[in-house]
Amino acid sequence: MHITLFQAFLVGVVYYLSINGTPWTTLLGSTILRTPLVGGLLTGLILGNPMQGALIGAAIQLPYIAYISAGGSVPTDPGLAGTLGTALALAANVDPNTAIAIATPIGLLGTIVWVVHMTVDVPFVHMCDRAADRGDMKALTFWHLVPPQIVAFLIGTIPVMLGVYYGSGVVTNIINTLQGRPLETLQVIGGILPAIGIGMNLRSLDRSYVIPLFIFGFVISAYSGLSTLPLAILAGIAASLITGVMDNIFTQQKQRIQAAPVAANVSDDVASDDSDADFE
């Protein structure tokens, strides 16, 4: 697949939008656009093959299915894996399992982008502090939004654009060189990596009432013969019903907890009145 410079630039813009939440993508940036499934779909759309882009993005999504960034720590970058990884996989015309093996190391490189981003933005924070001390809201808004976005655009768009434009040919040549047993090894590794993400996701389901539901859903998916869409609809209905029941249980428990101190105070007041009456 031949990738033009403009297409590579658009892929870089998708990645830029995925690494920030202000001001362009407040609800989409670091949540939806950063997922490899969405990034792969958009990358495939830009490169003229949205279906294969979505399939590759969905495959890359599996190792990151339990991804979480807590306290500003970014162990890996699913947004970079989903955009650059999908673009290189499409250019090399590889299957989804091989795409996972290509994209996973790329995701680790995204930590460099994050560190550079946070380091370069430090002076802007101090400028925001000075503007706040002066009560200058216009300057505060400017230093909070404009320079950080310029930095994010430069370090997000340009490296990905260059990687997509120049790296596609390199990856294609490497894949052609690895034909045979080496490429089969990559495919096996790519098939194993999703188990890591699924295993991490299962750890978050370690609740007495969740595991049976997970097993029940797995059995239905494996043996019912239903396609993905009706299974998703049934799962959504079941999740809604279960959430409603659990919410009612928690609400009742909260009401009982809140009512307990009131009852205790009433009992104390009655006892106090009785003792006063006896004293009189």
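The structure this text deals with has already been given above.
Computed from a prediction, not measured in an experiment: that's the story for all the values here. (Residues numbered from 1 in each chain as written. Predicted model: local features only at pLDDT ≥ 70, side-chain atom pairs only at ≥ 80, totals over all residues. Heavy atoms only, no water.)

Novice: When you look at the overall build of the protein in this model, what are you seeing that I'm missing?
Specialist: Across its full length, the protein holds 11 helices and 0 strands. Each helix (α) and strand (β) of the protein, taken in turn from the N terminus, gives the series α-α-α-α-α-α-α-α-α-α-α. Summed over all atoms, the accessible surface of the protein reaches about 16700 Å², with 69% contributed by carbon and sulfur. (Helix = DSSP H or I, 4+ residues; strand = E, 2+ residues; numbered from the N terminus. Areas by Shrake-Rupley, 256 points an atom, 1.4 Å probe, with all protein chains shown as cover.)

Novice: What is the right way to look at the layout of surface pockets in this model?
Specialist: Empty space among the atoms becomes apparent when a probe as large as a water molecule is rolled across them. Quantified by volume, the largest pocket comes out at close to 810 Å³. Taken together, 20 residues form the lining of the largest pocket, with Leu213, Gly217, Phe218, Leu231 and Ala235 sitting closest to its centre. Secondary-structure elements contributing two or more residues to the lining of the largest pocket are α10 (211–223) and α11 (228–279). (1 Å grid on protein atoms, 1.4 Å probe; cavity = no way out; pocket = protein on both sides within 12 Å on 5 of 7 lines; lining within 4 Å. Points joined across faces, edges and corners; volume = space filled by probe spheres on them.)

Novice: For this particular structure, what's the right way to read empty space enclosed by the protein?
Specialist: By the definition in use, this model includes 1 cavity of 30 Å³ or more. Ranked by the residues each element gives to the lining of the largest cavity, the list is headed by helix α6 (residues 96–120), at 4 residues. Split by residue class, the lining of the largest cavity holds 4 nonpolar, 2 polar and 2 charged. (Nonpolar A, V, L, I, M, F, W, Y, C, P; charged D, E, K, R; others polar.)

Novice: Explanation requested: the pattern of salt bridges in the structure shown.
Specialist: A full pass over the atoms with the stated rule returns 1 salt bridge. For Asp77, the salt bridge identified is with Arg34, shortest N-O distance 3.3 Å. Placement of the pair is Asp77 in the loop between α4 (50–61) and α5 (78–92) and Arg34 in the loop between α2 (29–33) and α3 (36–46), with a sequence separation of 43 residues. We note that Asp77, like Arg34, is buried. (Salt bridge = Lys/Arg side-chain N within 4 Å of Asp/Glu carboxyl O. Buried < 20%, exposed > 50% of the residue type's maximum accessible area, 1.4 Å probe, protein only.)

Novice: Quick question: what am I supposed to make of the packing of aromatic side chains here?
Specialist: The relation between two aromatic rings is expressed through the spacing of the ring centres and the mutual angle of the planes. Summed over all chains, the structure comprises 5 aromatic pairs. Relative to Trp143, the ring of Phe142 has its centre 5.2 Å away and its plane inclined at 80°; by these criteria the two rings are edge-to-face. The partly exposed category is assigned to Trp143, whose relative accessible area is 26%. Ring geometry for Tyr165 versus Tyr166: centroids 4.9 Å apart, planes at 85°, classification edge-to-face. The exposure class assigned to Tyr166 is exposed, which follows from its relative accessible area of 56%. Each member of the aromatic cluster is reached from another via a ring pair, and the members are Phe9, Tyr16 and Phe153. (Phe/Tyr/Trp six-rings, centres within 6.5 Å; stacked < 30°, edge-to-face > 60°.)

Novice: Can you help me understand the environment of Leu145 in this one?
Specialist: Considering the arrangement of structural elements, one finds Leu145 in helix α8 (residues 137–177). Overall, Leu145 belongs to the partly exposed group, its relative accessible area being 24%. Taking the C-alpha atoms as reference, Leu145 lies 9.4 Å from Phe124; in sequence the two are 21 residues apart.

Novice: When you look at the environment of Trp114 in this model, what are you seeing that I'm missing?
Specialist: With respect to the element layout, Trp114 can be found in helix α6. The partly exposed category is assigned to Trp114, whose relative accessible area is 22%. The sequence separation of Trp114 and Ala152 amounts to 38 residues, and the corresponding C-alpha distance is 9.3 Å.

Novice: Can you walk me through the packing of helix α1 (residues 5–18) against α5 in this structure?
Specialist: Helix-helix packing is characterised by the crossing angle of the two axes and by the distance between the axes. Packing of α1 against α5 leaves a shortest axis separation of 10 Å and a crossing angle of 165°. The angle between α1 and α5 falls in the class roughly antiparallel. Between α1 and α5 lies a crossing whose hand is right-handed. Within the contact between the two elements, α1 uses Val11, Val14, Tyr15 and Ser18 and α5 uses Gly79, Leu80 and Thr83. Residues belonging to the contact of α1 with α5 are distributed by class as follows: 4 nonpolar, 3 polar and no charged. (Axes fitted to C-alpha atoms, helices over the stretch in contact; angles between N-to-C directions. Parallel < 35°, antiparallel > 145°, perpendicular 65-115°, else oblique. Left-handed = near helix turned anticlockwise from the far one by under 90°. Contact = heavy atoms within 4.5 Å.)

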